Each structure stands twice: as C-alpha cells, then as structure tokens.
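Examination of the molecular architecture
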Amino acid sequence: MSGTLENTVKEICRSHNNDRTRMMDVVRAVQERFGCVSSEAMNAIAAALRTHRVEVESVVSFYSFLSEKPKGKVVIRLCNDIIDRMHGADRVGQAFSDALGIEFGQTTPDGAISLEYTACIGLCDQAPAALINDVPVTDLHRSTARQIVADLKKHMDPRRLVHRLGDGNNAHELVHAMVVNNIRNEGPLIFSPVNRGEAISQALAMSPAEVIRAVKTARLRGRGGAGFPTGMKWEFTRAAAGKEKFVICNADEGEPGTFKDRVILTERPGRAFAGMTIAGYAIGAKKGIVYLRGEYAYLRPYLEHVLAQRRKDGLLGRNVAGKQGFDFDIVIQMGAGSYVCGEETALISSCEGLRGDPKTRPPFPAQKGYLDCPTVVNNVETFCCVTKILEKGPGAFNEHGSQGSAGTKLLSISGDCKLPGVYELPFGIKLSEVLKLAGAEDPIAVQVGGASGTMVAPNEFERTICFDDLATGGALMVFGPERNVLEVADYFLDFFIEESCGYCTPCRVGNVLLKERLERILAGHGEPADLDYLQDLGETIKTMSRCGLGQTAPNPVLTTLKNFRSAYEALVKQRDDGLQPAFDLSEAVADAEQIAGHRSARAD
Ligand SMILES: Cc1cc2nc3c(=O)[nH]c(=O)nc-3n(C[C@H](O)[C@H](O)[C@H](O)COP(=O)(O)O)c2cc1C
Ligand code: SF4
C-alpha cells in the first residue's frame, strides 16, 4: 500500500475520531481527496475504524457519489430526470460529450473530467441543470455546456463557472450559487418574516408536554409525504425508553420534482433549526442531525455558518436560551446520492455510517432509531411549521388550510408551465387554481407527489391538495399536450429500478418486469391482457415490498392505467386467437431474473 495514501486515510479517520458511525464522512473525504475510494483506501479505513473491509465496501458500492474506480478531478453530473429531459437535457448531454470527446460514464484520458448522468438534483424549476463537483449550474443550453468545458479545461475550478449569482442567500459568499429561489407565492407561515428566538422562548416557557400539546392542537401533519401527525410522533418518542434521544431533520429531498426544502434551507434555515431545537426540548434530546442530501453540499458552508451564529447567540449549545439544564446542538450529516436514504429508517442507517438499507418496521424510529435510541425524524418544512406554531400559537396555524389538513403546503411546481417554482399555498386549494397560478395553460396531465405519486388527468383537476385527497410531499410536475404520459411512467420506472436497494424481490425484480411489459406496449406489441398483467403485478409489488419505495414505485403505472386507460387501450390490440395469457408470478420472476442478471432472494 502506498505510504501517502495510507497516512492520509489514517489522518482522515483520526479527524473523525476513528468513529465507525462517521463512515459516511470518512468515505466522502477520501473520495474528495483521491477521486475514489480505492481498494487500498478501503483496507486502510477498515483498519483505522476497526471494522471489516466488507462494511466499508458495502457503503462505497451503495452511494452513487462514491466510487471504487478513479473519477476525474472534476465530475460533471448532468441531471436526467424527466423535467430536465423535457427541457433539452439530451441535447446538453450531447454537447458535453462532444466537447469532452467522451461518452457518459467515461473520464477524459488525462483523468481530468468525468461525465455522468444523475437523478433529480432538486433544480427542476431551472432545468436542465447539472452539478459540477458540488457546484450547481442551471438553465443549460448546448452553448453553455461547450463554454463550461472550455472554461474547465483552462482552470479546472468549478466555482469559477459561476458568472452570475442567484437571488437571496444564493448570492451569499458562503453559497455563491447561480441557483434562483423562484419563490412565486410567499404564504403566511414558512416564508413570513422571522422573529428570531421567539418560538424557542415560547416553547421553553412551557413544559415539554405542553409543547407537544400545542403541536397536536395545531393538527400539524408531517410535510415529507406520509402526513403522520407530528405531535403524536413526538409523544411516542418522549414516552419511549432509551438512554438518549435524537432529533433528525430529513433534508434528503430526493423525490423527483421536489425542491422546496432547497429553498427553505437557503432562505429560512434558522426556522428549521429552531423547530429541531423545540423538538429536542419536547422529547428530551440533546442532539439533532440534519441529513443533507449530497446534491445540496453547496449549501453546507452557509448552514454551518448559521449554526455557528446560533451557538454564539445562545440558541444552541448549553442551557439553550438561558434554560438551565436544556442542552441541544445540531450537526450536519451529508448524504452521497441515494434516493432511498430519504426513507427514514434508511436515512438512520446512513447516519450510522451504513448502507442506506431500509429496515423492517416496527420497531419505528420513535422506539428504536439512531444508534437504537428513540428518534424523531421530520421533514425540513415540518420543523418550520413547528416554529411558527410555537411563535404564533396553534390557532394562528390551523386557521389556514382545510379540515383534515391544517396550515399551508409548499409546492415545487415544474414542467410545462410558465412560472415554475415554489408556492406556499393553503391546504384544500384546488389543483386547477394551482395550475392557473403557475401559468400551466393546457396541461394534459399532472404528476402530484413526485415519481411515487399520482398522475392526474384533466377531468380531476378540481380535486384538492390535502392529505384526504391529493396528498403530496410537494412535487407537482406539469405535462403539456406534446407529452406522452406512458413514456413518463416508463421513465419513472427506470428511476425506481435504479434506486431500489435490491433487498426484496418484488421491488427489485417486479419493477423490471413492469418496465419490460410497459415497453412492449409502447412498442406496439402489447395486447389487452397486458393491462391486467400490469395491474396485478403493480399491486403485488405494492403489497409485498418492505419499504415505501417499493410500496409506491408502481404508482405511475397504476395511476396512468386508471386515469389514462384510453392511452393504453389505443396501443394494445386483441389477439387473433382470443386467448388471454394469465399472470404467473413465478414465471414472471424467472423471466426477471434473466433480465436482472442475478438470482432472486426470497420475497419477505
Ligand atoms: C423512498 C422514500 C424516500 C423518502 N424521501 C423523503 C425525503 O426526501 N424527505 C422527507 O422528508 N421524507 C422522505 N420520505 C418520508 C420519510 O420516510 C419520513 O416519513 C419523513 O421524513 C417523516 O417526516 P414528516 O413526518 O415530517 O413528514 C421518504 C420515504 C420514502 C419511502
Ligand atoms: S421495497 Fe425496494 S427499496 Fe425498499 S427495502 Fe425492498 S428492495 Fe429496498
């Protein structure tokens, strides 16, 4: 083993206290320093952290931003989600490829620049976009792609590619990004002016039980997608036995089409940190962790600065806001490119320095979470709502919204509309009103809730955005008349196949099968029975998968089958012999094993 590599890796591990649970930080640092986490580096990490080499390898192979093989000094990751493709990502990709003289997945012969595709990077409102190392570049065209390559060849410094700065804190020297916020509608809760420290003072003047009661009275439900009542989650965590308790803020925001947490973290991070602090007080935790997706690494220096300022001001640290005995601080844990890590148990595994494998529930994180201790996991926006509830009172919060869905919701709107961006709107608003605000003139379909959500047809645009009707973590993707909803569903399947952790057969294999059959239909080779096959297989995957990824992955197919049936029917033709092949799971699994190239584990 080369002495320099071994010593540097040892030093990186030492700077993380040789703590195995800091594995993500260690491997990220090694990747940044050497352009890969080589076999030798893995051995050195395993030795320093006193763990098995296979543990290190399993982490490195899991996350898309980590690699055993060397990558260029600069890595261009072009977002190829559906919205970016609709805005010309393929043409931009071709321009990058031509200018560099390499294909996607390759590195220039001098080892300088690698070119890759990546899943949604949270910039659909300014697509096509890419990450160049950590630096986001937006609104790309063929000409800008060529210019970027020419500039990089000169200076190899991604930060110098930022020729114009975005609005608000995007222009802060610690962010220094060309990203724009696109806040189209500032509602009364999330983007309202900040009364710094007020919510924490109000909370600390109450007992923890009273704080939880206030959150319950406000009828706050989680903003990350599932809509679980926040006060109830906190009550369970407070009541659970454990030597320590933890608060985790889910800033993974990997659902394609979602970018509202990016804007909160840019403009109102203090509001989310205050909510975490209040949660810490309510459940009896001393430590909070913000799990920040790797794609938002450019925000980290600014977020660290905000945290440092809060420590200075006594809003974090010992005796928070003068409350004797209440100590609470927050650290940032970076992710490394994995959608499934947004699922709370996978996210906890990642924070513990493991692969982001979802765990079987129960036990829920409230009982057994981070380091086996009771843990609250909430979305960034949820914590902001908490802050507002404590600041203004539960009544001022739940006077907005609808009966079952109190407050406002941040929507990330993108696609075929004139005004893509972030909208804070009251729950209960009709989809048609939202579309009007966003300048979506003649949509033929709207995907509500990201890739895992519902494809809604125009005859249902009078439905409302709320937990009891069209529930969403925030993403709305608009599709105009020139789009093919079946191709969109096909694209979403690609995404889920790529992001599945592979643990359970229905998710790993079933989605491959769904895709195969859908593509057969798209190619004009389908028959009516294929629609029943898609329905049966989709439902099987949903019911047999272990985590939310598999339980929602068939939604694009199932909801288009329901709401756009005529599009399918126009493509399938009746068999001449009148026979309808039936769905056979074992036969299907055998087919899929061939397609997936490996044998299936048993379904759990
Ligand atoms: C595949 C998958 C990805 C998820 N991604 C996110 C995410 O990026 N952000 C988030 O807050 N919740 C995400 N969730 C939901 C979390 O598991 C969890 O329910 C949420 O963080 C709880 O916070 P809340 O109650 O405030 O909504 C995801 C769930 C699944 C199944
Ligand atoms: S459903 Fe998919 S992502 Fe979730 S545990 Fe199973 S294989 Fe992994």
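These figures come from a predicted structure and were not determined experimentally. (Residues numbered from 1 in each chain as written. Chains lettered and ligands numbered in written order. Predicted model: local features only at pLDDT ≥ 70, side-chain atom pairs only at ≥ 80, totals over all residues. Heavy atoms only, no water.)

1. A word on the packing of aromatic side chains
Note the cut-off: Put simply, two rings from Phe, Tyr or Trp (the six-membered ring, in Trp's case) pair if the centres are within 6.5 Å, and we call them stacked under 30 degrees between planes, edge-to-face over 60, tilted for the rest. Comment: elements are numbered from the N terminus, with helices defined as DSSP H or I runs of at least four residues and strands as E runs of at least two. Classification of residues uses two cut-offs on accessible area relative to the type maximum, computed with a 1.4 Å probe and protein chains only: under 20% is buried, over 50% is exposed, and between them is partly exposed. The criterion is that NZ of a Lys, or CZ of an Arg, lies within 6 Å of the ring centre and within 35 degrees of the ring normal, and then a charge sits over that ring.
As enumerated under the stated definition, the model contains ten aromatic pairs in all. Seen from their ring centres, Phe-104 and Tyr-117 are 3.7 Å apart, and the 5 degrees between their planes marks the pair as stacked. One end of the pair, Phe-104, is in the loop between helix H6 (89-100) and strand E2 (113-118); the other, Tyr-117, is in strand E2, and 13 residues separate them in sequence. A relative accessible area of 22% means that Phe-104 is categorised as partly exposed. One aromatic cluster is present, formed by Tyr-281, Phe-326 and Phe-328 through successive ring pairs. Lying over the aromatic face of Phe-34, Arg-33 brings its terminal NZ or CZ to 4.8 Å of the ring centre. Over the face of the ring belonging to Tyr-533 we find Arg-517, whose NZ or CZ atom lies 3.5 Å from the ring centre.

2. Re the site of ligand 1
To keep things clear, this is the line we draw: We call a residue near a molecule or strand as soon as one heavy atom of that residue lies within 4 Å of the molecule or strand. Contacts described as polar in this section are N or O atom pairs within 3.5 Å, which, within protein, must combine one atom able to donate a hydrogen with one able to accept it, while residues neighboring in sequence count only if both atoms come from side chains. Amino acids are sorted into nonpolar (Ala, Val, Leu, Ile, Met, Phe, Trp, Tyr, Cys and Pro), charged (Asp, Glu, Lys and Arg) and polar (every other residue, Gly among them).
Taken together, 18 residues are adjacent to ligand 1, and Gly-224, Glu-253, Asn-378, Asn-379 and Thr-382 come closest. In this structure, an oxygen atom belonging to ligand 1 sits 3.4 Å away from a main-chain N or O atom of Gly-254. Secondary-structure elements contributing two or more residues to the shell around ligand 1 are strand E9 (375-379) and helix H21 (548-552). Examining the composition of the shell around ligand 1, we find that three residues originate from one element, E9, more than from any other. Its residues placed into classes, the shell around ligand 1 shows three nonpolar, nine polar and six charged.

3. Notes on the pairing of strand E7 (residues 287-292)
Convention followed: Note: two strands are recorded as paired if DSSP finds a minimum of 2 bridges between them. By definition, the crossover connecting two strands over a helix is right-handed if that path, from the first strand to the second, turns clockwise as seen with the strands pointing away from the viewer.
Of all six residues that make up E7, five are buried, and the element is covered over most of its length. In this structure, strand E6 (residues 246-251) lies alongside E7, joined through six bridges in parallel fashion. Note that in E7 the partner of Asn-250 across the bridge is Tyr-291. Two strands pair when backbone bridges link them, and E7 and strand E8 (residues 329-334) are joined in this way by six bridges, in the parallel orientation. By the bridge assignment for E8, Val-290 is matched with Ile-332. With respect to chirality, the unit in which E7 leads through helix H13 (residues 300-312) into the neighbouring parallel E8 is right-handed.

4. Quick look at the sheet that holds strand E3 (residues 130-132)
What counts here: Between N-to-C directions, angles span 0 to 180 degrees; the directions come from axes that are lines fitted to C-alpha atoms, helices contributing only their stretch in contact. Whether two residues are in contact is decided by their heavy atoms, any of which lying within 4.5 Å being enough.
In space, the four strands of this open sheet follow the order E2-E1-E3-E4, with mixed pairing throughout. A single partner strand is all that each edge strand has here, and the edge strands are E2 and strand E4 (135-137). Averaged over all neighbouring strand pairs, the angle between strand axes comes to 25 degrees, with direction disregarded. Most of the contacts of H6 go to strand E1 (residues 74-79), to which it runs at about 160 degrees, and overall it touches E1 and E2.

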